[in-house]
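One letter stands for each residue in the lines below.
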Amino acid sequence: MKSKKIEIAPSILAADFRNLEREVKAAQDSGADRIHCDIMDGNFVPNISFGPIVVEAVKKSVTIPLDVHLMITRPEKCYNEFIDAGADILTFHAEACNDSAALLESIRKRGIKAGITVNPDIPIDLFLPYLDTIDQILIMTVYAGYGGQKFIDEMLSKVERTADCIKKMNHQIDLQVDGGINKETAFLCAQKGVNVFVSGSYIFNAADYRDRILILKQSAESGMNDD
Ligand code: DX5
Ligand code: ZN
């Protein structure tokens, strides 16, 4: 299964917020396929990041899709605000949600893609029953909450198991990783079937975003062809 498009999604958590418009435009001009927005509520995760107002500002600055990652307790309470703000793909944590099946359906009913994820210590069984209504599965390769953490190697087997389940489905499900993604880890994840790569510090802490995005794409490409 090598038909899925490789996509790089820079996470703006690592961008310079003094000039967010310039940063997201630079990411887009450097070959990014999506912009990843990390929403942290200070409850599900200790950190607080930003809300729909910032997502709306990013939406006005770029034309590529917005990939919004909700790290929020009870995402069912406020998901609509992020769709109104311009999310094209909305991913929430199954362990933070009371009724994942209902929320996946509600997100899709609004005409955008529905994504689901769990933290590293939570089994994928939590969302496997709902694969029919899932457009994207995010395997967290660090614990949600902060950028700049180290990739957890043990997550590679979780990625592999998830990819096997996705293969059995008739519709396309993007397989995404988030946390500690760089040249080496992108290669390893692509070998296991990942096609969407979120990357914050590896891209935004570099002088040349284009160079880093290209490296990630090339590593992913060679990983995919090496499985
Ligand atoms: C972590 C966030 C990530 C984070 C990735 O909670 O979901 O998107 O910004 O940052 P890096 O690539 O620096 O690990
Ligand atoms: Zn994220």
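In every chain, residue numbers begin from 1 and rise along the written sequence. Starting at A for chains and at 1 for ligands, labels are handed out in the order in which the entities are written. pLDDT decides what is reported in this predicted model: residues at 70 or higher carry local features, side-chain atom pairs at 80 or more are listed and counted, and totals for whole chains, interfaces and linings draw on all residues regardless. To get the side-chain values, all heavy atoms of the structure are used, and hydrogens and water are removed first.

A. Representation of the environment of Gly111 within the structure. With respect to the helices and strands, the residue Gly111 is situated in the loop between α4 (100-109) and β5 (113-118). Take Gly111: its relative accessible area is 65%, and that puts it in the exposed class. Sequence separation between Gly111 and Ile83 is 28 residues; the distance between their C-alpha atoms is 9.3 Å. Helix numbering and strand numbering both begin at the N terminus, where a helix is a DSSP run of H or I of at least 4 residues and a strand a DSSP run of E of at least 2. Relative accessibility thresholds used throughout: buried, under 20% of the residue-type maximum; exposed, over 50%; partly exposed, between the two (1.4 Å probe, protein chains only).

B. Focus on helix α2 (residues 52-61). Looking at α2, one finds that the buried residues are Val55, Val58 and Ser61. The buried side chains of α2 occupy one side of the element, clustering within an arc of 120° when seen end-on. For α2, the exposed residues set more than 90 degrees away from the buried face come down to Ile53 and Lys60. Tucked into the core, α2 has its buried residues touching α1 (20-29), β2 (35-40), β3 (66-71) and α3 (79-84). Within this analysis, the arc is defined by the directions that extend from the helix axis to the C-beta atoms. Only heavy atoms enter the contact rule, under which two residues are in contact if any of them lie within 4.5 Å.

C. Looking closely at helix α8 (residues 209-224). The length a helix should cover is 1.5 Å for every residue beyond the first. In this model α8 runs 22 Å from its N-terminal to its C-terminal C-alpha over 16 residues, within 8% of the 22 Å that 1.5 Å per residue would give. Taken as a whole, α8 has its buried residues at Tyr209, Ile213, Leu216, Ser219, Ala220, Gly223 and Met224. Taken down its axis, α8 places every buried residue within 135° of arc, on the same side. Considering only its buried residues, α8 is in contact with β1 (7-10), α1, α6 (183-191), β8 (196-199) and α7 (201-204). In the analysis that follows, any N or O atom pair within 3.5 Å is treated as a polar contact, provided that within protein one partner can donate a hydrogen and the other can accept it, and provided that, for residues neighboring in sequence, both atoms belong to side chains. A distance of 3.1 Å separates the backbone nitrogen of Arg210 from a side-chain oxygen at the start of α8, and that oxygen is part of Asp208.

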